[in-house]
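# Architecture and fold: a report
Listed below, chain by chain, are the residues.
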Amino acid sequence: MGSSLRRALPLLLLFVPLLGLAHDVTSADQELLRNGGLWAYVQVGATHMLTGYDHLLFLTGVIFYLNSFIDILKFITVFTIGHCITLIGATYAGITADEHLVDAVIALSVLYKGFENLGGFEKFKVKSPHLLLMVGLFGLVHGFGLSTRLQSFDMGKEQVLAKILCFNLGVEVGQVLALVPIVFIITLSRKHKQFPAFYKAVNWYLVLAGIGLFAYQMYGYL
């Protein structure tokens with residue numbers, strides 16, 4: 001565990017500053033949405049997911065825990081349904097919350113998945129919660145985070161539902177584009193004898209990144 005932690009720590013120091021910038025809303029995005037029509041919402045949604053390191057870290061943790069393509073498809077589908085519900089529903093209803101608090105909970109989901117993958121619950125002699133249920137619940141939280149970001153844009157008053165659906169479509173496209181190389185790398189790594197060390201290092205990174213992101217978001221909130 002110690003050597004895995006030492007391997008993960010440099011990665012944490014390298015990428016945590018980038019993680020804090022995930023999902024930043026830029027003036028360029030707003031300008032694109034203002035002038036680009038519905039297709040622009042697909043583009044921004046895809047870009048938003050591809051730079052959504054907290055979402056991708058959580059999904060990486062989920063995939064690491066699974067061994068078959070069917071299981072991966074099942075869990076990613078549940079996660080996708082969860083984040084679609086809150087992304088579309090909360091945005092259309094105008095329900096929002098402080099983005100730092102929402103992102104802090106998303107950071108805890110990353111921490112949770114790394115902790116579970118490392119057998120943390122077993123070490124404390126506690127039965128881990130039902131994984132599929134937790135993935136679905138965290139999907140709702142992640143979708144609420146995406147909704148909060150989308151609502152920070154000025155979407156105007158026309159074609160609001162179409163804009164939300166296009167943004168959601170872009171998120172799904174971005175998620176697929178991001179997951180293909182992640183699944184490929186994890187599947188390939190399982191064939192090598194160094195996989196147990198790689199598994200520990202990555203999941204320790206998830207734990208540390210989750211802690212770092214949580215602290216970052218709570219600092220922003222306070």
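Cut-offs applied
- Residues numbered from 1 in each chain as written.
- Predicted model: local features only at pLDDT ≥ 70, side-chain atom pairs only at ≥ 80, totals over all residues.
- Heavy atoms only, no water.
- pLDDT = per-residue confidence, 0-100.
- Helix = DSSP H or I, 4+ residues; strand = E, 2+ residues; numbered from the N terminus.
- Salt bridge = Lys/Arg side-chain N within 4 Å of Asp/Glu carboxyl O.
- Buried < 20%, exposed > 50% of the residue type's maximum accessible area, 1.4 Å probe, protein only.
- Phe/Tyr/Trp six-rings, centres within 6.5 Å; stacked < 30°, edge-to-face > 60°.
- Core = buried A, V, L, I, M, F, W, Y, C linked by side-chain atoms within 4.5 Å.
- Contact = heavy atoms within 4.5 Å.
- Polar contact = N/O pair within 3.5 Å; in protein donor to acceptor, adjacent residues only side chain to side chain.
- Axes fitted to C-alpha atoms, helices over the stretch in contact; angles between N-to-C directions.
- Parallel < 35°, antiparallel > 145°, perpendicular 65-115°, else oblique.
- Left-handed = near helix turned anticlockwise from the far one by under 90°.

Before going further, it helps to spend a moment on the confidence of the model for the protein. Per-residue confidence for the protein gives a mean pLDDT of 87; residues scoring 70 or more make up 88%. Looking over the protein, one finds the lowest element-wise mean pLDDT in helix 1 (residues 2-19), namely 46, and the highest in helix 5 (residues 99-117), namely 95.

Taken as a whole, this structure holds 5 salt bridges when the rule is applied. For Arg149, the salt bridge goes to Glu99, with nearest N and O atoms at 3.9 Å. In this pair, Arg149 is assigned in helix 7 (residues 131-151) and Glu99 in helix 5, connecting sequence segments 50 residues apart. For Arg149, a relative accessible area of 6% gives the class buried. Salt bridges sharing partners connect three or more residues here, namely Glu99, Asp103 and Arg149.

Aromatic rings considered in pairs are described by the distance between their centres and by the relative angle of their planes. Throughout the structure, instances matching the rule amount to 10 aromatic pairs. Arranged with centres 5.9 Å apart and planes meeting at 55°, the rings of Phe195 and Tyr199 form a pair that is tilted. One end of the pair, Phe195, and the other, Tyr199, are both in helix 9 (residues 195-221), 4 residues apart, so they sit about a helical turn from each other. Residue Phe195 shares its accessibility class with Tyr199, and that shared class is buried. Here a set of aromatic residues connected by ring pairs shows up, and it is made of Phe58, Phe79, Tyr112, Phe115, Phe121, Phe124 and Phe138.

Let's shift gears to the nonpolar core. Core analysis: the biggest nonpolar cluster contains 28 residues, and Phe58, Ile63 and Val135 have the highest contact counts within it. Elements supplying a minimum of two residues to this core: helix 3 (53-65), helix 4 (69-93), helix 5, helix 7, helix 8 (160-189) and helix 9. Ignoring sequence-local partners within four residues, the contact set of Phe58 consists of Phe79, Ser109, Val110, Lys113, Val135, Phe138 and His142. One finds Leu56, Leu146, Leu150 and Ala178 within the second-largest nonpolar core, a separate group that totals 17 residues.

Bringing the side chain of Asn203 into the picture now. With respect to the secondary-structure elements, Asn203 resides in helix 9. Among the polar contacts made by the side chain of Asn203, one reaches the side chain of Asn117 at a distance of 2.7 Å. One polar contact links the side chain of Asn203 to the main-chain carbonyl oxygen of Tyr199, over a distance of 2.8 Å. Contact partners of Asn203, with chain neighbours within four places excluded, come to Phe64, Lys113, Gly114, Asn117 and Leu118.

Packing of helix 4 against helix 8 brings their axes to within 10 Å, and their N-to-C directions diverge by 155°. Accordingly, the angle class assigned to the pair helix 4 and helix 8 is roughly antiparallel. The hand of the helix 4/helix 8 crossing is right-handed. Only Leu161, Ile164, Leu165, Phe167, Asn168, Val171, Glu172, Gln175, Leu179 and Val183 of helix 8 make contact with helix 4, whose side of the interface consists of Ile72, Ile76, Phe79, Thr80, His83, Cys84, Leu87, Ile88, Thr91 and Tyr92.

Note that Ser147 resides in helix 7. Overall, the relative accessible area of 0% leaves Ser147 in the buried class. Here Thr91 takes part through its side chain, which lies 2.7 Å from a polar atom of the side chain of Ser147. Residues within four places of Ser147 in sequence aside, it is in contact with Thr86, Leu87, Ala90, Thr91 and Ile95.

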